[in-house]
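One letter stands for each residue in the lines below.
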Amino acid sequence: MAFGGVGIFSGLNISGLFATLKQQQEVLNAPPEPVALDLSVLALNAVQLAPPPDVHGPAVIPPWKLPSDPANESLDRRLAEIRGITSFIDTGAPQVAAAGDDVDSRTSFILFDALRKLETLALYAAEDATPDASLPRLDAQFQQGLQEIRDFIETAPTKELTFLTGDLVTKVEPEVDLGSDTYEFTGRAVATGTRDDPLPGLTGTETFTIAITKNGTTDNIPIDLSQVSGPLSINNIVNFINQQIAAVPLLDSNGQPVLDANGQPIPKFVTRLEVVSDEKYDHAIKVAGSSTETVSFLPQASTPTVFVAENRTDLRLDPAAPDAVLRRLQDVTAALDPFLETTIASTDADATAIAQAASPDAAPVSAETRVFAVATDSQGFVYTVGRAAGDFGSQRNTASGEDVFLTKLDSNGNVVFSRLLGTAKDASAFALAVDASDNVIVAGSTTENLASGTVLSGTDSFIAKFDSEGALQFVQQLDTVADDAALDVTTTATGDIVVTGYTKGAVDAAHPGFGGRDVLALRFDGTTGARVDTAVIGTAGDERGSAVAIAPDGNVLVASREDGRLVLRRLDAANLSSVLETVDLGGIGLGGEIGAIRVVGNDVFVAGTTADSTFSGGGATVVTGARGGKDGFLVKLTDNAGTLSPGTLTFFGTAEDDAINDIAVSGGKVFVAGNTRGDISGLGRRGPRDAFVARFDAGTLAFEEVERFGLALEEHDATAIAALDQGPDVLDLLGLPLGPVSRVEPRTLDVQTTARPGDFFEISINGRAPQKITLEAGDTLEDLAARINRLSFKNEIKATVTAGQLKIEALGTNQVDLIAGDPGRDLLAKFGVKPQRLLGATALFDLDNAGAKRPSDPIVPEVGGVFGLKLAQPLSLKDKTAARFSLQVIQDAIATVQRAFRSLTPDPLSLIRPGLESTVPPPEIAAQISEYTTALARLQAINLSGPVSLFL
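Per-chain numbering applies: the sequence of each chain, read as written, is numbered from 1 onward. Selection of residues for local features in this predicted model requires a pLDDT of at least 70, selection of side-chain atom pairs for listing and counting requires 80 or more, and totals for whole chains, interfaces and linings are taken over all residues. Side-chain measures were taken over the full set of non-hydrogen atoms in the model, leaving aside hydrogen atoms and water.

S.K.: Give a description of the overall build of the chain that names residues and reports values.
M.R.: Along its length, the chain carries 15 helices and 51 strands. When a residue's accessible area, from a 1.4 Å probe over protein chains only, is under 20% of the maximum for its type it is buried; when over 50% it is exposed; and in between it is partly exposed. For the chain, the residues scored as buried account for 50% of the 952 residues in total. Two residues qualify as a contact provided that any one of their heavy atoms is within 4.5 Å of a heavy atom in the partner residue. Long-range pairs, those at least 24 residues apart, make up 62% of the contacts in the chain with a sequence separation of at least 6. Every accessible area reported is derived by Shrake-Rupley at a probe size of 1.4 Å, with residue values counting cover from the shown protein chains alone. Accessible surface for the chain amounts to roughly 40,500 Å². Of this, 51% is attributable to carbon and sulfur atoms. Here a helix means four or more residues in a row that DSSP labels H or I, a strand means two or more in a row labelled E, and each is numbered from the N terminus.

S.K.: If you had to explain the sheet that holds strand β40 (residues 690-697) to someone new, which residues and values would you point to?
M.R.: For two strands to pair, DSSP has to find at least two bridges joining them. Ordered in space as β38-β39-β40-β41, the 4 strands form an open sheet in which the pairing is antiparallel. Strand pairing shows two members of the sheet lacking a second neighbour, β38 (658-666) and β41 (703-709), which therefore form its edges. Adjacent strand axes in the sheet meet at a mean angle of 20 degrees when their direction is disregarded. Bridge count for β40 against β41 is 6 bridges, and the pairing is antiparallel. Within the sheet, the bridge partner assigned to Val693 lies in β41 and is Glu707. Only C-alpha atoms enter the line fits that serve as axes; for helices the fit covers just the stretch in contact. Angles between N-to-C directions range over 0 to 180 degrees.

S.K.: Go over the packing of aromatic side chains, please, and point to the residues and values.
M.R.: Aromatic rings from Phe, Tyr and Trp, with only the six-membered ring used for Trp, were paired whenever their centres fell within 6.5 Å, and each pair was classed as stacked if the ring planes differed by under 30 degrees, edge-to-face if by over 60, and tilted otherwise. In total, this model carries 11 aromatic pairs according to the counting rule given. When the centroid spacing of 5.4 Å and the interplanar angle of 35 degrees are considered together, the rings of Phe652 and Phe703 count as tilted. Of this pair, Phe652 sits in strand β37 (residues 643-652) while Phe703 sits in strand β41, and the two are 51 residues apart along the sequence. Here Phe652 falls in the buried class, since its relative accessible area comes to 5%. Two conditions define a charge sitting above a ring: the NZ of Lys or the CZ of Arg must be within 6 Å of the ring centre, and it must be within 35 degrees of the ring normal. In this structure, Arg517 is placed above the aromatic ring of Tyr502, and the distance from its NZ or CZ to the ring centre is 5.1 Å. Between the NZ or CZ atom of Lys772 and the centre of the ring of Phe760, over which it lies, the distance is 4.2 Å.

S.K.: Describe the sheet that holds strand β42 (residues 714-724), with residues and values.
M.R.: Here 4 strands make up an open sheet; going across it, the order is β14-β13-β12-β42 and the pairing antiparallel. The two strands at the open ends of the sheet, each matched to only one other strand, are β14 (337-344) and β42. Recorded for the sheet is a direction-independent mean angle of 25 degrees between the axes of neighbouring strands. Taken together, the 10 bridges between strand β12 (residues 305-314) and β42 define a ladder with antiparallel strand orientation. If you follow Val308 over to β42, its bridge partner there is Ile721.

S.K.: If you had to explain the pairing of strand β8 (residues 217-224) to someone new, which residues and values would you point to?
M.R.: When strand β7 (residues 207-214) meets β8, the two strands line up antiparallel, connected through 8 bridges. Considered in β8, the bridge of Phe208 is made with Ile223. The turn linking β7 back onto β8 is made up of 2 residues, and Asn215 within it adopts a positive phi angle of 55 degrees.

S.K.: If you had to explain the side chain of Lys117 to someone new, which residues and values would you point to?
M.R.: Within the element layout of this structure, Lys117 appears in helix α4 (residues 103-126). Polar contact criterion, stated in full: a pair of N or O atoms within 3.5 Å, where within protein one must be able to donate a hydrogen and the other to accept it, and residues adjacent in sequence count only if both atoms are side-chain atoms. Among the polar contacts listed, one links the side chain of Lys117 to the side chain of Asp113, at a separation of 3.1 Å. Other than its neighbours up to four places away in sequence, Lys117 contacts Ile82, Ile85, Ser87, Phe88 and Asp90.

S.K.: Quick one: what's the story with α4, residue by residue and with numbers?
M.R.: Within an α-helix, residues lying three or four positions from one another point in the same direction, as the helix has 3.6 residues per turn. In a helix, the anticipated span is given by 1.5 Å times the number of residues less one. End to end, α4 covers 34 Å across 24 residues, agreeing with the expected 34 Å (1.5 Å per residue, within 8%). Of all 24 residues in α4, 20 are buried; the element is thus mostly enclosed.

S.K.: Could you give an account of the environment of Leu683, with specific residues and numbers?
M.R.: Note that Leu683 resides in the loop between β39 (669-676) and β40. In this structure the C-alpha to C-alpha distance between Leu683 and Arg708, which are 25 residues apart in sequence, comes to 7.8 Å. With residues near it in sequence (within four places) discarded, Leu683 still touches Val706 and Arg708.

S.K.: Pulling in residues and values, what's your account of the confidence of the model for the chain?
M.R.: The score called pLDDT rates the predictor's confidence residue by residue, from a low of 0 to a high of 100. The predicted model of the chain has a mean per-residue pLDDT of 88, with 87% of residues at 70 or higher. This model gives residues 854-860 a pLDDT under 50, and the stretch forms 16 contacts once residues within four places in sequence are excluded. Here residues 943-952 scores under 50 on pLDDT; set against residues more than four positions off or in separate chains, the count is 29 contacts.

S.K.: Requested: an account of the environment of Thr292, with residues and values cited.
M.R.: Within the fold, Thr292 resides in the loop between β10 (283-288) and β11 (293-299). Sequence separation between Thr292 and Lys214 is 78 residues; the distance between their C-alpha atoms is 6.0 Å. Sequence-distant contacts of Thr292, that is, excluding residues within four places in its chain, are made with Thr213, Lys214 and Asn215. Side chain to side chain, Thr292 and Ser290 meet in a polar contact 3.0 Å long.

S.K.: Describe the pairing of strand β34 (residues 603-610), and please don't skip the residues or the numbers.
M.R.: When you tally the buried positions in β34, you get 7 out of 8 residues, the bulk of the element. Where strand β33 (residues 593-600) and β34 come together, 7 bridges link them in antiparallel fashion. Within β34, the position partnered with Ala596 by the bridge is Ala607. As consecutive antiparallel partners, β33 and β34 are separated by 2 residues, and within that stretch Gly601 has a phi angle of approximately 65 degrees, a positive value. Direction of pairing for β34 relative to strand β36 (residues 631-640): antiparallel, over a ladder of 8 bridges. In the sheet register, Gly608 faces β36, and the bridge partner there is Phe633.

S.K.: How would you explain the pattern of salt bridges if you had to name every residue and give the values?
M.R.: Whenever Lys or Arg places a side-chain nitrogen within 4 Å of a carboxyl oxygen from Asp or Glu, that contact is recorded as a salt bridge. This structure, assessed with the given rule, holds 49 salt bridges. In this structure, the salt-bridge partner of Arg328 is Asp732, at a minimum N-O distance of 2.2 Å. Of this pair, Arg328 sits in strand β13 (residues 323-330) while Asp732 sits in helix α8 (residues 730-734), placing them 404 residues apart in sequence. For Asp584, the salt bridge goes to Arg565, with nearest N and O atoms at 2.9 Å. Here Arg565 lies in strand β31 (residues 565-572) and Asp584 lies in strand β32 (residues 575-587), a separation of 19 residues in the sequence.

Printed below as a string of structure tokens:
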């Protein structure tokens, strides 16, 4: 063998040193021959080869080099050994003790041992034979171990080595999209032929209004399609509308039209409509607006439209995570015709990242999302509220359980915005209401301390108020030692907020509990959120307030389930503890539920589910009797000057279990939403549980029509329903939504993300004391970047915002640590960023591919280095794809730990040919080099001044 053309090995007999040569000689049956070996060439011009200081030497044998029993290495045996462990970090393992006092070796061996345990779980999860039902349990233990390893890396003692949880990076770019205001809008494609073909469904008698607001004043421009010249094509209609907009003149201070150079009136508005085509060559109307003009579409006809919120669970999936659907039905007074369907989905960021790492074209993975309430506002927008396990764009879900979401949509089903409440623990939303100013109030329960000043643990009621642009106005929480929840919410004429629900104990000294669950009623100031009135009503039994509404006389109606009976109370609006009237409507059974209460004029409608076929509605006239099993019910009462009188009652359902969850009243009709396990009205069953919407006459409660939704192997549940008294009507035929089309919102971090003022993270530069970066109300990305840049006085760190994207970068040779804030207040988590270390570009340039520092001295290379384990990315065993991806990452991390350990003893080949150690050889060559390295280490003890004769 030769280095640089010089023969340096000849006849040295070291057992097992060059097994390949020995085997070749044995094959040739050649006897060993003495060969001269001149070791003086290793002097390399008299440079003595001495081990670098502070290295552990060959005496420390790494655990991956120790002999092992194949029986103990079987996957089943490895899995059995770690099933009962309480911690993945074992500082007392025998292989760790072998490292002695060398902290680098000890840390390397501890990491190797912990990663091998993770590898075992990932190997088993990735096996085709492993049942999917076993994956959640495996993933739970995997996540425990992964977090323990991440925590250990942050504090692990080292001297020559530096381990990073993540990768070797210079910068981080949080995926925070604050969006931008838009003044253009494109409707649904409605022309499928040419632009000159008549649009289907139009008769030429339709009218609607375009309202354009500019400088605080609004012009209502009437559009009468009977005045359109030629066929009612999309081209002709758009041209006609533009003529009507252009005909509105700009007026001077005297109210006279302003004329151009030709003496013609100058149009007041720049907004225009145009026809655009999609990739299918279908055509739609586009509104090209302006930042100074707000455009709204208002129909003339008064045709109700119904929106139904539905939860859908595909039983073929394991686990079967539900998703939320918003359905819109049109022409509902004549027929329940499904018109639009929108899926409201949150995204599992971790699962999506794993899937897209395995396949860049993989679609986003949905997380569990359920909807519980729906409401409409005065402009025709629709709000849904529920709970979700995933993210909504830049609304990062940091809850350990699930968080509350609020989604606003237009009448075309386009999402305007989604907001998360921002809990760090768990929260549920059960109800929402829209006040006279189109503010939205969400009510529910949480295990998190959401409101400022909240200190007690347990489950608390909460309300959260958002304005129509999605900005959170306040969160108010009932901070008690008792478990309580707000189950329904309404608003008063003055904007105050009233909720009902239950409490399991005292609210305060003035409002003790009566035992078990008691009815809870609360009133909050609509401006400040302050609680101004409280009532606890109950006995030693089980009671809970399920629905609330404002009575015609301005007092508060609360429907409660009390030991299986439906009780309706009228509470004094000025003093909720004062009960003005109580009506027992009858037994609905312990399995019965109260869905909703609605007040229209002097009529009061109560709907729900009864498990008692003798339910009487307080003596109401029965229109249709019980069908069997659980049935939905709808009862109507009349409010006569503060006294409730039972009117009519109807049951609805099948011989199987059925439920009515919510009601809406519009256009003289009552619409109910629910679910059934039977064949409802002879429509047949589609799945194990189908959703339905049914219509009744509001005067008589006579049944008129039902529409059901479902699919085989899916469960559907219509949980909520809301109506628009004045639906889009002709606008649907033009593909345009009801109300404003501009999308203007606050573009601040506390609105567009789940971050809240006071959230923070810390930055440490070059090991200095961490400095806080705290979010303030109204902060933008630019504000945050400026705050970060003020930490650097020596060009150490730079934060920039380009095209709405924040970038935090370490400069030069500097080291920047991003440190998480407190649980629930961590600004990094709400930006989707893991705590990590950033290394300046110069520092990274001095690292080789293995993460070790490049040698500054070719004869005495540096020891150790910086090694990124890439464990900060999402990893899981939730499915086979995720398990296989995670397995590869864990195995790469194990290899990195091994390289880190080897870097503590520089490769002797690097002393002979600098740079040789930076080359990563194939595995078989690496094995041979390892043997040569051991031999060379032994040769260092031999006198290099003269030749030695040995035998192979």
